[in-house]
Amino acid sequence: MKKLFLVAALMSALFLISCGDNTVDTGDSADDTGDSADDTGDTTTDVGDTTTDEADSADDSADTAADEADTVEDSDVSDTADTTTDDDGSDTGAETCTEEGTSQLSSEICGSTQHGRLYQTCTSGVWVKTDVCSCDPGEYPEVCGYYAQKMWFTANSKVATIDMAEGWTRTYFLVYQEQRGEKISMVSKVCHVKLGNSMSGTVNPQTPPSYAEALPLLMKSATLTKESDDSFSYFQDWFYEIRSVDPTCVIDPATYVLPTDKNDACVQDWDADGVPGILVIVKGTMSGDTHIVENSATKLQGMVLEDGVKLGGTVEWTDVQNVLVTDNFLLKSGAQNALKEGSPNTWEQVLLDTKVDCQYIIDNAKTLFSADPVELK
């Protein structure tokens, strides 16, 4: 029950969000995608004592929640922990509330490291504090707060029936984590996706800025385990992202079969360009626009490093795409990617000690993360 409440509380907190314009990463390529949210978020953890709470009124918070609940495109994880408290920790809102069942962080400090705050929920028109703490690691390393995350996939890749030999995907995320003992609940936002392959002169798929912008916030969970040598391992089970498809159509994401027809009732236009599916641009001698639906899945295993400042390890992944619309019939078969065994398939995560947005992660990726195994052009 507590786990379900925490997930519900996180989702409610996520609705207190506003984001800015999208910005292309000028330090990489014109196809790199950024999410330059102006309204950066508040961390519920005391990370180096550098974060501060934003002052919002209870009325504004309620209005924002209502506005954001149905607007995935305007969401950004950098406002995940936005609360109705002042910088000095005092409550700015009244004890009364209007949205029954909604949750927010109170000003009451909690947790074994005193870096969390108790959630409160709107019950019968009054804010009632719960025993759910945003950060209570107990005997485990503290992994609360905001993290920059990078995943690297290496694939045996085929595009439009052409064997690309090797393909690569690099994805940056902004991740907000809450913790109760070994259990981690997180909200993740895709900030940037960059593609490459060993035959990019012929066919080189790229994601425009609208691609990452269109992807919703992802609610994930992970578990820490204390090993015999007193180290701590990290495990996130398979997580499926089914893109540009109506979520109500997906009963079991692991077995869901993607639509092949643009007129299928389950297909949605997530990037709002007027064409069913989500746009991926193909460059090179075989160029064109493709609008796809996609099922991308990942499973992460690794270790907690530097007492929770860093995490990392290996990632297993699968990726299935169907092209619904294209202006080049040669691209209709889409891309077929399969994990290349024995090649880099990794993830890494680093704690952020200041409030940031996606654009910060993109702009500072070279100092935040290890070097890419392959330079993507």
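Residues numbered from 1 in each chain as written. Predicted model: local features only at pLDDT ≥ 70, side-chain atom pairs only at ≥ 80, totals over all residues. Heavy atoms only, no water.

Undergrad: Which parts of the structure should I look at to understand the overall build of the protein?
TA: Along its length, the protein carries five helices and 16 strands. Scored against the burial criterion, the 377 residues of the protein give a buried share of 51%. In the protein, once contacts between residues fewer than 6 apart in sequence are set aside, the share between residues at least 24 apart is 67%. For the protein, the exposed area adds up to about 16200 Å²; of that, 51% sits on carbon and sulfur atoms. (Helix = DSSP H or I, 4+ residues; strand = E, 2+ residues; numbered from the N terminus. Buried < 20%, exposed > 50% of the residue type's maximum accessible area, 1.4 Å probe, protein only. Contact = heavy atoms within 4.5 Å. Areas by Shrake-Rupley, 256 points an atom, 1.4 Å probe, with all protein chains shown as cover.)

Undergrad: How do you make sense of the state of the cysteines when you look at a structure like this?
TA: A covalent bond between the sulfur atoms of two cysteines is referred to as a disulfide. In total, this model carries five disulfides according to the counting rule given. Covalently, C135 is tied to C144 through a disulfide, its sulfur atoms 2.2 Å apart. Its S-S torsion of approximately 90° makes the covalent link between C135 and C144 right-handed. Under the relative-accessibility criterion, C135 is labelled buried at 0%. The disulfide partner of C249 is C266, and the gap between their sulfur atoms is 2.2 Å. Taking the sign of the S-S torsion, about -95° here, the bridge from C249 to C266 comes out left-handed. Of this pair, C249 sits in the loop between β11 (232–243) and β12 (278–283) while C266 is found in the loop between β11 and β12, placing the two residues 17 residues apart along the sequence. The exposure class assigned to C249 is partly exposed, which follows from its relative accessible area of 23%. Owing to a relative accessible area of 16%, C266 belongs among the buried residues under this scheme. (Disulfide = S-S within 2.5 Å.)

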